[in-house]
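# Coordinate inspection notes
Each chain, written out:
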Amino acid sequence: SVVTLVVIGSAISKISGTMAELRAMNEETSRRRREVRLYLASQAVSYELVTRIMRFVDYKLEKVSANNMDTSLISPTLQLELYVNQRADYLIQMPIFALAQECYPEIFGSICAAFTKNFYEKGEPVFTAGSYATALHLTYVGKYEYAQEDQAPVMLEGIRWFGELSLYVDPVWHSSTLTPTSFAETFCLRGEDLVACIQVNRGCTGMFCEYAKDFLAGMQKTKSKFGDDDQKKQSEVCCKQNQHFQAAYPDPTTLFPNIVVCGERFSGEMVEDGDADPSSKGRPSSKSNQSQRTVLSRLSAFARIQREAAVETLEDQGLGEFVQRWMNTDQEDVNFDLPGELPGVIPELDKTYGAHAVFSQAPERDRGESACISVLALVRNRYDIFTQPQADNVKLLESQWLELQQIVSWIEPEPEEVHAVLVLLAIRGLGKSKAVIQQVSHDHRRPERAVIYLSQYHKNVVPSTRWLTEKGTELFEGALLTHELFNLAQMLQGENCPANVKELHSHIAEKGDALFRVYILFLLGFMSGLAGGQGSRFMNAKNADATIGGVRVLQKLMNVSETAIYWGYLNLRAEKLCLPFNSPEDLVLVRLACLGRVQDQKGYESLRLAWLALGERERSSLTDHFLADGIKEQAFNLEFLPNCVANAKANPLIGLTCLLDVLTDLLACLRTKVAMNPNLPKLVPVDLSDMGEFISAVRNRFVFVTCISRCQLKFRQGRCRIEMTGGNWGRATDPDSDLTSIAYTLQDLVIKQQRME
């Protein structure tokens, strides 16, 4: 019938059209293949090589032709979604990209698109040991032979990644060789392409910057420095430490309600539930997100019941009694095993179940233990215990020990006061934990305030605070608040100014002499424990004079002016190093010597030459800053400036003169901000921690010289934080180009012209 003929004709027409399309595709493939073969024939290439090339061409044409599409036909948004659909399953094998997908899906789409695809034939190395790592490589098709230095090769296939470190720092070397044993395909991402993707979003930039800093710091601590296995381990560790990860996937073992420091009998049950937590794996998974939140909710409810029951049954671990025995037993009968006994009476120091162990703070635990042992040795005049970890060539001198004993005699510590100081020294480091800071209220996000918050609302985390007397609790909190107000270590390094001493004077005048003496005892323990050790590794013959001098001048706090105390200490340092202390410039150089941790005449001479290399304007600005008292004159406490100085010295592209130049620009910006806001106090603390990390990472001198123009000054509650922002971090590894060299040369010429005028 006519209808049948129409249907058959339509079907034949469609088949013919499809066949025509297939012929066109095959003709294009054949044409490109024929062009390659003709070129090879004209070049007299060997048969074996022609065969290998044509096999690779056939493989690549098959892959490219099957996936080729005119992207101009779809919108950019749809293109990104297509890239995510095609590549997400490969990328989320890396923890940081999985986290980016969870927190910033739009940016993750851009990252997916930024990866480029590479094809390799059998035997063609993807990278070789000792070569520069210029990009992240992610394998997904093919089989590979992986050979590490001094190890037998192993066969790999599937999704693997290599060279992540190259995204954040340059130069980096490969420590292994990756060679395909078949046709293979990889995805590749360069650092500059990653920066281009993330810099459009401040939150995502902050997440990657935090991750990169932790990742670099973690790799520096590894033995290999560049090893692939170490990079994968650090990738998981640093992703879990990231604030974004902890906010989205809180570790139930570090949540305050779940912690029972002394409740070992409950730990097994809690760990059993905790094992189901997906956050214990290396990366977040969108598929397990809902189940994870259910587990967390159930675990929190279960643990809270257990914790409440446990807290009710906790018993005093006997620290007060231990201190009484230590201080009142005859000297010849004192034969305590302090490192063995302290974790039993101060459970936070337990290496397995203590609070520091919960928050993975082994270094802070060691410092706390060292500080406690040092205080106990000081109050019983046990020189042997105090100096046990010190090498003979730097052991504390007996004359220095005598001065320390004179300070302890002036303090006249009572057992109740020593008890409070030991608890404080043992748990003070918890305030530095990211997991702790994230769980406290915004008003308590300073380290000292965080510890007070724990002692008031979460005694299950710091059970030793439960057994302090009322007076001991007052001294504990008072010493913490005093330490927040005035940090002796900052005065010893020249970070603060006379206004800080005045604040301490006013505080002690209000709180009383008893708190001041307890605070001095705490300071002795705090300084003694800085380097850890079962005793004091830090307070040796080389370092003790500065601490003793600082404490000596503070003993005169209520009788001498704050300016006399501050500059009196710096005068002691000048005398110790045989430095001039007459002109304003001399005073500035002595303060810079403290900031630079100068120990000898050679170090001072290097410092003086760096100072003289500055222009007159820069020296004048810095002199005004370093001599300002913060009482009558506006002053800035540049916190973490010693770290900045140390990192500048260690970075051959920066150096001290360059750092001082940048500080001049920073001070100009700060003074402008203060002039615009008359409500700010005379003394403004300025957090330079981000700048310190940037100085150690930057690889372009001109980028650092101009970094202040790309910084952000964040003021909050009378404090300022300098944020380097993505504009600086994104250029940290830029190579020196002709343009930057010309720009820097012009700046040098301008400075020289100013000096001549």
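Everything that follows concerns the structure shown earlier in this document.
Our subject in this report is the structure included herewith. Predicted, not measured: the structure shown is a model, and the values here were computed from it.

All right, on to the overall build of the chain then. Of regular secondary structure, the chain possesses 35 helices and 11 strands. In the chain, buried positions account for 49% of the 757 residues. Within the chain, contacts between residues separated by at least 24 positions form 75% of all contacts whose residues are at least 6 apart in sequence. When the accessible surface of the chain is totalled, it reaches about 35900 Å², and 52% of it is carbon and sulfur.

What follows covers the packing of helix α27 (residues 584-595) against helix α29 (residues 616-627). Two elements in contact, α27 and α29, have axes separated by 10 Å at closest approach and are oriented at 75 degrees. Classed by the angle they form, the pair α27 and α29 counts as roughly perpendicular. Of the residues in α29, those touching α27 at Pro584, Glu585, Leu587, Val588, Arg591, Leu592 and Leu595 are Arg619, Thr623, His625, Phe626 and Leu627.

Here we come to the state of the cysteines. Under the counting rule described, the total for this entry stands at zero disulfides. Cysteine Cys644 is unpaired, with the sulfur of Cys707 as its nearest cysteine sulfur at 9.8 Å.

If you walk across this open sheet you meet the four strands as β8-β9-β11-β10, and the pairing is mixed. On the outer flanks of this sheet lie β8 (635-639) and β10 (712-716), each paired with one strand and no other. Direction aside, the axes of adjacent strands within the sheet are offset by 25 degrees on average. Sheet topology note: the β8/strand β9 (residues 683-687) ladder contains five bridges and is parallel. Bridge pairing links Glu639 to Asp687 in β9.

Next up on the list: helix α28 (residues 601-612). The first and last C-alpha atoms of α28 sit 16 Å apart over 12 residues, in line with the 16 Å expected at 1.5 Å per residue. Contacts made by the buried residues of α28 are with α27, α29 and α31 (655-676).

This next bit is on the packing of helix α25 (residues 544-554) against helix α26 (residues 562-577). Where α25 contacts α26, the two axes come as close as 9 Å, and the packing angle between them is 150 degrees. Classified by the angle between their axes, α25 and α26 sit roughly antiparallel to one another. When the axes of α25 and α26 are compared, the crossing they make is right-handed. When α25 is examined against α26, the residues Asp545, Ala546, Gly549, Gly550, Val553 and Leu554 are found in contact with a partner set consisting of Ile565, Tyr569, Leu572, Arg573 and Lys576. Grouping the amino acids of the contact of α25 with α26 by side-chain chemistry returns six nonpolar, two polar and three charged.

Tracing the sequence through the fold places His174 in the loop between β5 (160-162) and β6 (176-180). Aside from chain neighbours lying at most four places away, what touches His174 is Phe127, Thr128, Ala129, Gly130, Ser131, Tyr132, Ala133, His137 and Gly163.

Next up on the list: the pairing of β10. Across five bridges, β10 lies against strand β11 (residues 719-723) in antiparallel orientation. Across the sheet, the residue bridging to Lys714 is Arg721, located in β11. Between β10 and β11, which follow one another and run antiparallel, lie two residues, and Gln717 among them has a positive phi close to 50 degrees.

Going through the model one piece at a time under the given rule, you end up with 20 salt bridges. Among the salt bridges present, the one from Asp214 reaches Lys434, with a minimum N-O distance of 2.9 Å. A residue pair is termed long-range when its members are at least 10 positions apart, and Asp214 in helix α7 (residues 202-220) and Lys434 in helix α19 (residues 434-437) qualify at 220 residues. Linking Arg517 and Asp513 is a salt bridge whose minimum nitrogen-to-oxygen distance equals 2.5 Å. In this pair, Arg517 and Asp513 are both assigned in helix α24 (residues 513-528), four residues apart and thus about one turn of the helix distant. You can call Asp513 partly exposed: its relative accessible area is 40%. What emerges from the salt-bridge pattern is a single network uniting Asp687, Lys714, Arg721 and Glu723.

With that settled, the discussion passes to the packing of aromatic side chains. The tally for this structure, following the rule as stated, stands at 22 aromatic pairs. Considering the side-chain rings of Phe97 and Phe208, the 6.5 Å spacing of their centres and the 45 degrees angle between planes classify their relative orientation as tilted. Of the two residues, Phe97 sits in helix α4 (residues 95-103) while Phe208 sits in helix α7, which places them 111 residues apart along the sequence. Both residues of the pair, Phe97 and Phe208, belong to the buried class. Aromatic ring contacts, followed pair by pair, group Tyr90, Phe97, Phe115, Tyr140, Phe187 and Phe208 into a single cluster. The aromatic ring of Trp161 is capped on one face by Lys232, whose charged end is 5.9 Å from the ring centroid. Sitting over the face of the ring of Trp410, Arg517 holds its NZ or CZ atom 4.4 Å from the ring centroid.

The rules we used
- Residues numbered from 1 in each chain as written.
- Predicted model: local features only at pLDDT ≥ 70, side-chain atom pairs only at ≥ 80, totals over all residues.
- Heavy atoms only, no water.
- Helix = DSSP H or I, 4+ residues; strand = E, 2+ residues; numbered from the N terminus.
- Buried < 20%, exposed > 50% of the residue type's maximum accessible area, 1.4 Å probe, protein only.
- Contact = heavy atoms within 4.5 Å.
- Areas by Shrake-Rupley, 256 points an atom, 1.4 Å probe, with all protein chains shown as cover.
- Axes fitted to C-alpha atoms, helices over the stretch in contact; angles between N-to-C directions.
- Parallel < 35°, antiparallel > 145°, perpendicular 65-115°, else oblique.
- Disulfide = S-S within 2.5 Å.
- Pairing = 2+ DSSP bridges.
- Expected span 1.5 Å × (residues − 1).
- Left-handed = near helix turned anticlockwise from the far one by under 90°.
- Nonpolar A, V, L, I, M, F, W, Y, C, P; charged D, E, K, R; others polar.
- Salt bridge = Lys/Arg side-chain N within 4 Å of Asp/Glu carboxyl O.
- Phe/Tyr/Trp six-rings, centres within 6.5 Å; stacked < 30°, edge-to-face > 60°.
- Lys NZ or Arg CZ within 6 Å of the ring centre and 35° of its normal.

As far as function goes, none of this settles anything; it's purely spatial.
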